[in-house]
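# Commentary on secondary and tertiary structure
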Amino acid sequence: MVAALVPIGPRQFQTDACSLLKFGPLSHIQPKRWQGHCGPIALCFVTFLASRKLRQIHRRNAWRGSEGVAATSAVFDLLDVPINSSQQVKLKRFLDKDGLAKSLERALPSPPPILLLHDGPGLPSKYLEPLAPRLCSPNGRSCYTYDQRGCGLSQGEGSADLGTAVLDLLAVLRFLHCSLGEAELHILAHGFGGALLMEALARHDLFSSPGLPKLRSFCLWSVASSTQLADQAAEELMAASAQSVGQADAARAFWFRHVCALKPQPACLTEAYQQSGFSPRWGALRGWDWKSQRWELRPEGALDGWSVCRQEVVACFRGAKPPRVPVLSLRGQHDFVTEACVAAWRGVEDAGGDFSESVLGGCGHHAHLEAPDTVAATLRLWLLKVEDGPATSSRTPSSTSWTPSSGVKGRWLLREEARQHLTSWASKLCWANALASNATPGAWRSVGQGLPQRDIFAPSRTARRLAVWAADLPERPKSSADAEVMSLSELWKNRPRCSRMALALQDDSFDAAAIVCLERTNGDVTIVGMAQNPSAPHRCEGVLEHIEETVQSSK
């Protein structure tokens, strides 16, 4: 069998999302007629070898495309949520029953549920089904998502109007609270779902209505703050794609780089676009047309002119219009929702709110399909951080604190002594915090799930990392002054002339109450990190600030 590549010109290429999803790894290969006069035995033999090769290629690509998202047929309960007297939407409820049973056996409370808001408008939540079970396990969390009216499992006439979508969201939240008894919840909003959430929070006072669950946190996942910014970013990325691969393959290359890179496309994503109830969608998802020898976004886009500027976000959160809850901004590294598109959400931090940002390396718009484990772990750690409450210091609390004027002294350490102290402290910090974690409300979830919670385990990780770093410290002193105990000012004047230095701070009870690690690069000295003896009664922040000022003044 002989195969030939059939080129596809720009005018022949279908640019809507459904047609892009149909392009499999072998869709462009067409068999040529057999040319020659070989006998039937040779023909059968060559055909057999070629078919085996094609099956191997197909299996390899299918494995690449379905890795990590094979469980697209997730199990869920389907509930009817009345919107008005004649219409309703379908609500999916995912539940980790095994994790819930274990929590009940241990008399532990189940964590707040998550409500997923899908992209679109009109793109059903089918593509989010692989993510929901990962967020539920292993501690019995519930996860909900619903299809917007007119798409997926929800019947009725669909609409891209944000006002209508806000009313539907209000009905779903009231159903969760009044009918299912959910007292509080987190919201994870993807794409258009994030625009819907911010519109509801900033301009409709969503959670000021009675009979709604308490909002614990929300995540804006690949959410642009402006349709104009989203369109501008998409056009710039398409121009770069055309310059890189040529106009003929630019639209397909854009999809695989910035939307979803898996080949073949996951079944849940394909089915979601097939079940989409109405168009147009917003941003790059609305499709491309070939005009004037270039690719252009289709003119009819959802939410034309919609935007939330940074100043509006600041005013909104400063006025405490929405609940003062933690906010996470999440996007893929290659997402068509670029950094400029999400900059407005930093207004939460400008207003003094709890704001975090995270970029998923190597991922596009559908990061949960490309890197399911990474996305699930990122979101679960974020939820644990929120539910564990304000961070508590892992250092031993004390009313006394070192200051530069308190006569603190120290000495320079050599390799073996520094490594011995740091390794011992790392072990003590790890065990002490793990054993004492139940004293912090909610901290049992961090340890029980096997996910290292930042505020509990960071000191032990820091000490262990510095122990590895100390392997390059000097093994022997270069002068007699290198091991002498001195005041901080004298120590700095007589610092060793080596690339790495470890300064042990001392008091009357401890030969090494803390270790400050410094490194010299191109003549400048920088602080690598500090570890504190878990048994030391003092807090070292004041001394560390003094050392930082000394280091900066010497540059």
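Structure: see above.
The notes below deal with the structure included here. (Residues numbered from 1 in each chain as written. Predicted model: local features only at pLDDT ≥ 70, side-chain atom pairs only at ≥ 80, totals over all residues. Heavy atoms only, no water.)

## Description of the packing of helix 7 (residues 227–245) against helix 8 (residues 250–259)
Axis separation between helix 7 and helix 8 bottoms out at 9 Å; the angle between their running directions is 115°. Classified by chirality, the crossing of helix 8 by helix 7 is right-handed. For the pair helix 7 and helix 8, contact is made by A234, L237, M238, S241, A242 and V245 and by A250, A251, A253, F254 and H258, respectively. Within the contact of helix 7 with helix 8, the residues separate by chemical class into nine nonpolar, two polar and no charged. (Axes fitted to C-alpha atoms, helices over the stretch in contact; angles between N-to-C directions. Helix = DSSP H or I, 4+ residues; strand = E, 2+ residues; numbered from the N terminus. Left-handed = near helix turned anticlockwise from the far one by under 90°. Contact = heavy atoms within 4.5 Å. Nonpolar A, V, L, I, M, F, W, Y, C, P; charged D, E, K, R; others polar.)

## Some points on the packing of aromatic side chains
Given two aromatic rings, their pairing is described by the distance between the two centres and the angle made by the two planes. Tallied over the full model, the rule gives five aromatic pairs. Each ring, one from F76 and one from F94, has its centre 5.3 Å from the other, and the planes form 55°; the classification is tilted. Remark: F94 occurs in strand 4 (residues 88–95) and F76 occurs in the loop between helix 2 (40–66) and strand 3 (77–82); sequence separation between them is 18 residues. With a centroid separation of 5.3 Å and an interplanar angle of 70°, the aromatic rings of F254 and W288 are classed as edge-to-face. (Phe/Tyr/Trp six-rings, centres within 6.5 Å; stacked < 30°, edge-to-face > 60°.)

## Thoughts on the sheet that holds strand 13 (residues 409–413)
Spatially, 14-13-15-16-17 is the arrangement adopted by the five strands of the open sheet, whose pairing is antiparallel. Strands with a single pairing partner mark the edges of an open sheet, and in this sheet they are strand 14 (486–487) and strand 17 (524–532). As defined by bridge partners, strand 15 (residues 500–506) adjoins strand 16 (residues 514–521) across six bridges and the pair is classed as antiparallel. Bridge pairing links A504 to I515 in strand 16. (Pairing = 2+ DSSP bridges.)

## A look at the environment of H186
Inspection of the secondary structure assignment puts H186 in strand 7 (residues 184–190). Each residue touching H186, except ones within four places of it in the same chain, is listed here: P112, P113, I114, L115, R141, R216, S217, L383, V386 and E387.

## Structural notes on the nonpolar core
One recurring pattern in soluble globular proteins is that nonpolar side chains are buried together. Core analysis: the biggest nonpolar cluster contains 107 residues, and L115 and F218 have the highest contact counts within it. When residues in this core are grouped by element, the largest group, ten residues, is from helix 5 (residues 162–178). Among all residues touching F218, those that are not within four sequence positions of it are I187, L197, M198, L201, F317, V325, P326, V327 and L328. Core analysis: the next-biggest nonpolar cluster, separate from the first, contains 19 residues, L491, M501, V516 and V551 among them. (Core = buried A, V, L, I, M, F, W, Y, C linked by side-chain atoms within 4.5 Å. Buried < 20%, exposed > 50% of the residue type's maximum accessible area, 1.4 Å probe, protein only.)

## Some remarks on helix 5
For helix 5, spanning 17 residues, the distance from its first C-alpha to its last is 24 Å, which sits close to the expected 24 Å at 1.5 Å a residue. Every buried residue of helix 5 is accounted for by L162, A165, V166, D168, L169, L170, A171, V172, L173, F175 and L176. In the core, the buried residues of helix 5 are packed alongside strand 3, strand 4, strand 5 (114–117), strand 6 (142–146), strand 7 and helix 6 (192–203). Between the side-chain oxygen of the N-cap and the backbone nitrogen of G163 there are 3.3 Å, and the N-cap of helix 5 in question is D161. (Expected span 1.5 Å × (residues − 1). Polar contact = N/O pair within 3.5 Å; in protein donor to acceptor, adjacent residues only side chain to side chain.)

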